[in-house]
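Report on the structure
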Amino acid sequence: LQPLDQDIIKNFKSFYRKEVVRKLITDMEQQSASPINVLHAIRMTDKAWRKEASEEPLEPDMSLEADWNKLQNTEVQFEDYVTCDEGLATTGTLTDAEIIDIVNQDINEDNVDENDVDHTDPADFEPLISNKEARAAINTL
(Lines give C-alpha, C1' and ligand atoms only; values in the text may rest on other atoms or scores of the structure.)
Protein backbone atom coordinates (compact mmCIF):
# COMPACT_ATOMS: atom_id res chain seq x y z
CA LEU A 1 0.00 0.00 0.00
CA GLN A 2 1.09 3.54 -0.65
CA PRO A 3 2.07 5.37 2.57
CA LEU A 4 -0.37 8.24 2.00
CA ASP A 5 -3.23 5.79 1.52
CA GLN A 6 -2.66 4.42 5.03
CA ASP A 7 -4.79 7.05 6.80
CA ILE A 8 -2.04 9.70 6.73
CA ILE A 9 -4.10 12.03 4.55
CA LYS A 10 -7.25 11.37 6.59
CA ASN A 11 -5.49 12.07 9.89
CA PHE A 12 -3.76 15.15 8.53
CA LYS A 13 -7.07 16.58 7.31
CA SER A 14 -8.65 15.86 10.69
CA PHE A 15 -5.84 17.64 12.53
CA TYR A 16 -6.04 20.58 10.11
CA ARG A 17 -9.81 20.91 10.53
CA LYS A 18 -9.33 20.89 14.30
CA GLU A 19 -6.93 23.82 13.91
CA VAL A 20 -9.55 25.67 11.87
CA VAL A 21 -12.11 25.08 14.61
CA ARG A 22 -9.64 26.31 17.25
CA LYS A 23 -9.17 29.51 15.26
CA LEU A 24 -12.94 30.00 14.94
CA ILE A 25 -13.38 29.49 18.67
CA THR A 26 -10.52 31.88 19.49
CA ASP A 27 -12.07 34.51 17.21
CA MET A 28 -15.42 33.95 18.88
CA GLU A 29 -13.93 34.35 22.36
CA GLN A 30 -12.09 37.51 21.33
CA GLN A 31 -15.22 38.76 19.56
CA SER A 32 -13.32 39.33 16.36
CA ALA A 33 -13.58 37.82 12.93
CA SER A 34 -10.25 37.50 11.19
CA PRO A 35 -10.13 35.60 7.91
CA ILE A 36 -7.77 32.71 7.41
CA ASN A 37 -5.07 34.04 5.13
CA VAL A 38 -2.27 32.09 3.48
CA LEU A 39 0.08 32.58 6.44
CA HIS A 40 -2.54 31.26 8.90
CA ALA A 41 -3.22 28.29 6.62
CA ILE A 42 0.49 27.48 6.37
CA ARG A 43 0.91 27.66 10.14
CA MET A 44 -2.13 25.46 10.72
CA THR A 45 -0.84 23.03 8.10
CA ASP A 46 2.55 22.90 9.84
CA LYS A 47 0.93 22.30 13.22
CA ALA A 48 -1.35 19.59 11.81
CA TRP A 49 1.57 17.90 10.04
CA ARG A 50 3.66 17.91 13.21
CA LYS A 51 0.80 16.21 15.06
CA GLU A 52 0.53 13.66 12.27
CA ALA A 53 4.30 13.07 12.29
CA SER A 54 4.35 12.58 16.05
CA GLU A 55 2.12 9.55 15.53
CA GLU A 56 -0.41 10.69 18.09
CA PRO A 57 -3.44 8.46 18.02
CA LEU A 58 -6.44 10.18 16.48
CA GLU A 59 -8.72 10.64 19.46
CA PRO A 60 -11.64 12.98 19.89
CA ASP A 61 -10.67 16.26 21.54
CA MET A 62 -13.40 16.63 24.16
CA SER A 63 -12.65 20.24 25.09
CA LEU A 64 -12.65 21.23 21.44
CA GLU A 65 -15.86 19.31 20.85
CA ALA A 66 -17.52 21.11 23.78
CA ASP A 67 -16.43 24.47 22.36
CA TRP A 68 -17.70 23.43 18.93
CA ASN A 69 -21.16 23.04 20.41
CA LYS A 70 -21.00 26.69 21.53
CA LEU A 71 -20.64 27.93 17.96
CA GLN A 72 -23.75 29.59 16.69
CA ASN A 73 -25.80 28.16 13.83
CA THR A 74 -23.96 24.86 13.64
CA GLU A 75 -26.18 21.92 12.92
CA VAL A 76 -23.21 19.73 12.04
CA GLN A 77 -21.69 17.54 14.73
CA PHE A 78 -18.00 18.07 15.48
CA GLU A 79 -16.99 14.55 14.49
CA ASP A 80 -18.94 14.86 11.23
CA TYR A 81 -17.06 18.07 10.42
CA VAL A 82 -13.65 16.59 11.18
CA THR A 83 -14.30 13.43 9.15
CA CYS A 84 -16.47 14.97 6.41
CA ASP A 85 -14.59 13.35 3.51
CA GLU A 86 -13.87 9.99 5.07
CA GLY A 87 -15.74 8.11 2.35
CA LEU A 88 -14.12 10.07 -0.46
CA ALA A 89 -12.30 7.88 -2.95
CA THR A 90 -8.64 8.89 -3.10
CA THR A 91 -7.38 6.05 -5.26
CA GLY A 92 -8.68 3.98 -8.08
CA THR A 93 -7.67 1.34 -10.56
CA LEU A 94 -7.83 1.89 -14.28
CA THR A 95 -8.97 -0.90 -16.55
CA ASP A 96 -6.89 -1.91 -19.56
CA ALA A 97 -9.40 -0.22 -21.86
CA GLU A 98 -9.16 3.07 -19.91
CA ILE A 99 -5.35 2.99 -20.08
CA ILE A 100 -5.45 2.36 -23.85
CA ASP A 101 -7.89 5.27 -24.30
CA ILE A 102 -5.63 7.62 -22.34
CA VAL A 103 -2.55 6.60 -24.34
CA ASN A 104 -4.41 6.96 -27.64
CA GLN A 105 -5.69 10.38 -26.60
CA ASP A 106 -2.13 11.50 -25.75
CA ILE A 107 -0.86 10.24 -29.12
CA ASN A 108 -3.65 12.08 -30.96
CA GLU A 109 -2.87 15.30 -29.10
CA ASP A 110 0.82 14.96 -30.00
CA ASN A 111 -0.08 14.53 -33.67
CA VAL A 112 -2.26 17.65 -33.62
CA ASP A 113 0.59 19.69 -32.13
CA GLU A 114 3.05 18.45 -34.78
CA ASN A 115 0.61 19.32 -37.57
CA ASP A 116 0.09 22.81 -36.16
CA VAL A 117 3.85 23.48 -36.15
CA ASP A 118 4.20 22.46 -39.82
CA HIS A 119 1.65 25.06 -40.92
CA THR A 120 3.02 28.08 -39.09
CA ASP A 121 4.06 31.05 -41.15
CA PRO A 122 7.65 32.20 -40.47
CA ALA A 123 6.46 35.79 -40.92
CA ASP A 124 4.46 35.42 -37.67
CA PHE A 125 7.67 35.29 -35.65
CA GLU A 126 9.49 38.45 -34.59
CA PRO A 127 13.06 38.69 -35.88
CA LEU A 128 15.85 37.98 -33.40
CA ILE A 129 17.80 40.95 -32.11
CA SER A 130 21.56 40.74 -32.34
CA ASN A 131 23.80 41.32 -29.32
CA LYS A 132 25.05 44.56 -30.88
CA GLU A 133 21.49 45.87 -31.27
CA ALA A 134 20.63 44.84 -27.68
CA ARG A 135 23.68 46.68 -26.29
CA ALA A 136 22.80 49.78 -28.31
CA ALA A 137 19.27 49.69 -26.88
CA ILE A 138 20.62 49.36 -23.33
CA ASN A 139 22.98 52.30 -23.89
CA THR A 140 20.06 54.36 -25.20
CA LEU A 141 18.08 53.57 -22.07
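Figured I'd write up the structure that's included with this text. Along each chain, residue indices are assigned from 1 in the same order as the chain's sequence is written. Confidence filtering applies because this is a predicted model: local features only for residues at pLDDT of at least 70, side-chain atom pairs given and counted only at 80 or more, and all residues used for totals across whole chains, interfaces and linings. The side-chain numbers reported here are obtained from all heavy atoms of the structure, hydrogens and water having been left aside.

1. Focus: the overall build of the chain
To qualify as a helix, a DSSP run of H or I must reach at least 4 residues; to qualify as a strand, a run of E must reach at least 2; elements of each kind are numbered from the N terminus. A count of helical and extended segments in the chain gives 6 helices and 0 strands. When the helices and strands of the chain are read in sequence order from the N terminus, they spell out α-α-α-α-α-α. Type-normalised accessible area, obtained with a 1.4 Å probe on protein chains alone, sets the label of each residue: buried when under 20%, exposed when over 50%, and partly exposed for intermediate values. Out of the 141 residues belonging to the chain, those deemed buried represent 16%. Here the Shrake-Rupley method, with its probe set to 1.4 Å, supplies the accessible areas, and only the displayed protein chains count as covering residues. When the accessible surface of the chain is totalled, it reaches about 11600 Å², and 53% of it is carbon and sulfur.

2. Observations concerning a nonpolar patch on the surface
To count toward a patch, a residue needs a relative accessible area over 30% and no salt bridge; like charges are then connected within 9 Å, while nonpolar side chains (Val, Leu, Ile, Met, Phe, Trp, Tyr) are connected within 5 Å. We count a salt bridge whenever a side-chain nitrogen from Lys or Arg sits within 4 Å of a carboxyl oxygen from Asp or Glu. Residues Leu94, Ile99, Ile102, Val103 and Ile107 make up a contiguous nonpolar surface patch of about 410 Å² in total accessible area. When you line up the elements, Val103 lands in helix 5 (residues 96-118). On the accessibility criterion, Val103 (42% relative accessible area) is partly exposed.

3. Observations concerning the environment of Leu64
By the secondary structure assignment, Leu64 is in helix 3 (residues 62-70). Separated by 14 residues in sequence, Leu64 and Phe78 place their C-alpha atoms 8.6 Å apart. By the convention used here, residues are in contact when the closest approach between their heavy atoms is within 4.5 Å. Once residues lying within four places of it in the same chain are set aside, the contact partners of Leu64 are Lys18, Val21, Arg22, Ile25 and Phe78.

4. Examining the pattern of salt bridges
If you walk through the whole model with that rule in mind, you get 5 salt bridges. Across the pair Glu19 and Arg22 runs a salt bridge whose closest N-O atoms are separated by 3.1 Å. Pair noted here: Glu19 and Arg22 are both in helix 1 (residues 8-29), with a separation of 3 residues, about one helical turn. Assessed through its relative accessible area of 6%, Glu19 is described here as buried. Classification of Arg22 by relative accessible area gives partly exposed; the value is 25%. One salt bridge in this structure joins Lys51 and Glu19, with 3.2 Å as the shortest N-O distance. Of this pair, Lys51 sits in helix 2 (residues 38-53) while Glu19 sits in helix 1, placing them 32 residues apart in sequence. The two residues Lys51 and Glu19 agree in class, both being buried. Each of the salt bridges in this network shares a partner with another, and the network as a whole consists of Glu19, Arg22, Lys47 and Lys51.

5. Some thoughts on the nonpolar core
Note on terminology: a nonpolar core comprises buried Ala, Val, Leu, Ile, Met, Phe, Trp, Tyr and Cys residues joined through side-chain atoms within 4.5 Å. With 6 residues, the main nonpolar core is built from Val21, Ile25, Leu64, Trp68, Phe78 and Val82. Of all the secondary structure elements, the ones that give two or more residues to this core are helix 1, helix 3 and helix 4 (78-82). Apart from residues no more than four positions distant in its own chain, Val21 is found in contact with Leu64, Trp68, Phe78 and Tyr81.

6. Details of the side chain of Lys23
Locating Lys23 in the fold gives a position in helix 1. We classify Lys23 as buried; its relative accessible area is 12%. Excluding its chain neighbours within four sequence positions, the residues that come into contact with Lys23 are Ser34, Pro35, Ile36 and His40.

7. Considering unusual backbone geometry
For Gln31, which is not a glycine, the phi torsion comes out positive at approximately 50°. You can see Gln31 is positioned in the loop between helix 1 and helix 2.

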